[in-house]
Amino acid sequence: PAENLSTVRFTFQTVPKPEPPDQNLVDVPVLLGLSKDAAIKALTRASLRLRKQIEEVSSSLPGTVIGQAPEGGDQVPTDTAVDIVVAKLPQVKVPMLLNLQRSVAENLIQESGLKVGEVTEEPSSQQPGIVIRQSPAAETLVDVGNEVDLALAKAETVRVPQLIGHKEADALKLLRKSKLVPGTRTTRPTSEGVGTILEQNPVAETEVAVGTAVSYAVGITELIKV
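Residues numbered from 1 in each chain as written. Predicted model: local features only at pLDDT ≥ 70, side-chain atom pairs only at ≥ 80, totals over all residues. Heavy atoms only, no water.

**Looking at the overall build of the protein**
Argument step 1. When its secondary structure is counted, the protein shows three helices and 15 strands.
Argument step 2. Taken over the C-alpha trace, the protein has a radius of gyration of 38 Å; the compact-globule value for 226 residues is 17 Å, which it surpasses by more than 25%.
Argument step 3. Among the 226 residues that make up the protein, the fraction classed as buried is 27%.
Argument step 4. For the protein, the proportion of contacts with a sequence separation of at least 24, taken over those separated by at least 6, is 68%.
Argument step 5. If you sum the accessible surface of the protein, you get close to 15,000 Å²; carbon and sulfur atoms cover 52% of it.
Argument step 6. Here the protein contributes 23 positive and 28 negative side-chain charges, whose respective centroids are spaced 8 Å apart. (Helix = DSSP H or I, 4+ residues; strand = E, 2+ residues; numbered from the N terminus. Rg over C-alpha atoms; globule rule 2.2 N^0.38 Å. Buried < 20%, exposed > 50% of the residue type's maximum accessible area, 1.4 Å probe, protein only. Contact = heavy atoms within 4.5 Å. Areas by Shrake-Rupley, 256 points an atom, 1.4 Å probe, with all protein chains shown as cover. Lys, Arg positive; Asp, Glu negative; His and termini not counted. Charge placed at Lys NZ, Arg CZ, Asp CG, Glu CD.)

Given below as structure tokens:
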């Protein structure tokens, strides 16, 4: 109840610090809001130096000074070391993205407060479109807003070998060696190159997926009606 309350009065008095004899004092510059580099320059101009830098999560612009000791305006001897606190972004763990489809991986990245970085494709035996590599790796602590690069699987490719001019048996060996399979076989009458490959599709040096069928035509003896 109000009638039971008491009044307490305080009297404050500032007591100046005694200055050491024969010691030059300088004012500590206000560093709040400056970048680390700008803060160091300000300290150097004031004949002071940086001692320790601490990072703290803050809504302030990352890399700017949000705290200092001694405070700005304090008088200290020259060459005094000043500690600063610098703002940094909150950090998150990079999610595990391997073996996920691209769309699922990108959604996870964005839900984690990160950004999708460079997306590349690499030949792989995995299903095309699956994430086979990520950078940074899963569980790595990074700043919010960092980019995560992805490498997606694509069908492994090979170059179609030159079959034209080879005997059919040799051509089939070349296809197997190149991880390709024989496609449609046709014959074509010829006066030269009987038993050899006269045509092929796809043509030699074409880049195709492993397991692609290569059709070919074999030359046979030209027949005439008697």
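**Here we look at the environment of Pro62**
Argument step 1. Looking at the element boundaries, Pro62 is found in the loop between strand S2 (49-57) and strand S3 (65-69).
Argument step 2. C-alpha of Pro62 to C-alpha of Val86: the two residues are 24 residues apart in sequence and 7.4 Å apart in space.
Argument step 3. Setting aside residues no more than four positions away along its own chain, Pro62 makes contact with Ala87 and Leu89.

**A short note on the side chain of Thr196**
Argument step 1. Here Thr196 is to be found in the loop between strand S12 (181-190) and strand S13 (197-201).
Argument step 2. Every residue in contact with Thr196, bar those within four places of it in the chain, is listed here: Gly165, His166, Lys167, Ala217, Val218 and Gly219.

**Concerning the packing of aromatic side chains**
Argument step 1. With the rule as written, the count across this model stands at one aromatic pair.
Argument step 2. Taking the centre distance of 6.3 Å and the plane angle of 25° together, the rings of Phe10 and Phe12 count as stacked. (Phe/Tyr/Trp six-rings, centres within 6.5 Å; stacked < 30°, edge-to-face > 60°.)

**Considerations on the pattern of salt bridges**
Argument step 1. Counted under the stated rule, the structure contains 10 salt bridges.
Argument step 2. Glu168 is paired through a salt bridge with Arg185; the nearest N and O atoms lie 2.6 Å apart. Note that Glu168 is positioned in helix H3 (residues 168-177) and Arg185 in strand S12, a separation of 17 residues in sequence.
Argument step 3. You can call Arg185 partly exposed: its relative accessible area is 45%. (Salt bridge = Lys/Arg side-chain N within 4 Å of Asp/Glu carboxyl O.)

**Here we look at H3**
Argument step 1. Within the sequence span of H3, burial applies to Glu168, Ala171 and Leu175. Buried residues of H3, seen end-on, are gathered within an arc of 60° and therefore sit on one face of the element. Residues of H3 that are exposed and point more than 90 degrees away from the buried face comprise Lys173, Arg176 and Lys177.
Argument step 2. Following H3 by one or two positions, Lys179 adopts a phi angle in the positive range, close to 65°. (Arc of directions from axis to C-beta.)

**So, the nonpolar core**
Argument step 1. Core analysis: the largest hydrophobic core is formed by 13 residues, its most contacted members being Leu31, Leu43, Leu48, Val65, Val76, Val82 and Ile84.
Argument step 2. Of all elements in the fold, only helix H1 (36-45) and strand S5 (81-88) reach the threshold of two or more residues within this core.
Argument step 3. If you look at the next biggest cluster of nonpolar residues, it comprises 11 residues, including Val158, Val208, Val214 and Tyr216. (Core = buried A, V, L, I, M, F, W, Y, C linked by side-chain atoms within 4.5 Å.)

**Considerations on the sheet that holds S13**
Argument step 1. The sheet built from three strands is open, its strands ordered S12-S15-S13 with mixed pairing. The two strands at the open ends of the sheet, each matched to only one other strand, are S12 and S13. Between one strand axis and the next, the sheet turns by 20° as a mean value, whatever way the strands run.
Argument step 2. Summarising the sheet, S13 and strand S15 (residues 213-221) pair through four bridges and their orientation is antiparallel. Each residue of the ladder has a partner; that of Ile197, found in S15, is Val218. (Pairing = 2+ DSSP bridges. Axes fitted to C-alpha atoms, helices over the stretch in contact; angles between N-to-C directions.)

**A word on H1**
Argument step 1. Burial in H1 covers these residues: Ala39, Ala42 and Leu43. What you see down the axis of H1 is that its buried residues fit within an arc of 100°, all on one side. Turned more than 90 degrees off the buried face of H1, the exposed positions are Asp37, Lys41, Thr44 and Arg45.
Argument step 2. On its buried face, H1 is in contact with S2, S3 and S5.
Argument step 3. In the stretch just after H1, Ser47 is the one whose phi turns positive, near 65°.

**Focus on the side chain of Glu168**
Argument step 1. Residue classification places Glu168 among the buried positions, given a relative accessible area of 19%.
Argument step 2. Sequence-distant contacts of Glu168, defined by excluding residues within four places in its chain, comprise Arg185, Gly195, Ile197, Tyr216 and Val218.

Distances and angles like these do not, on their own, reveal function.
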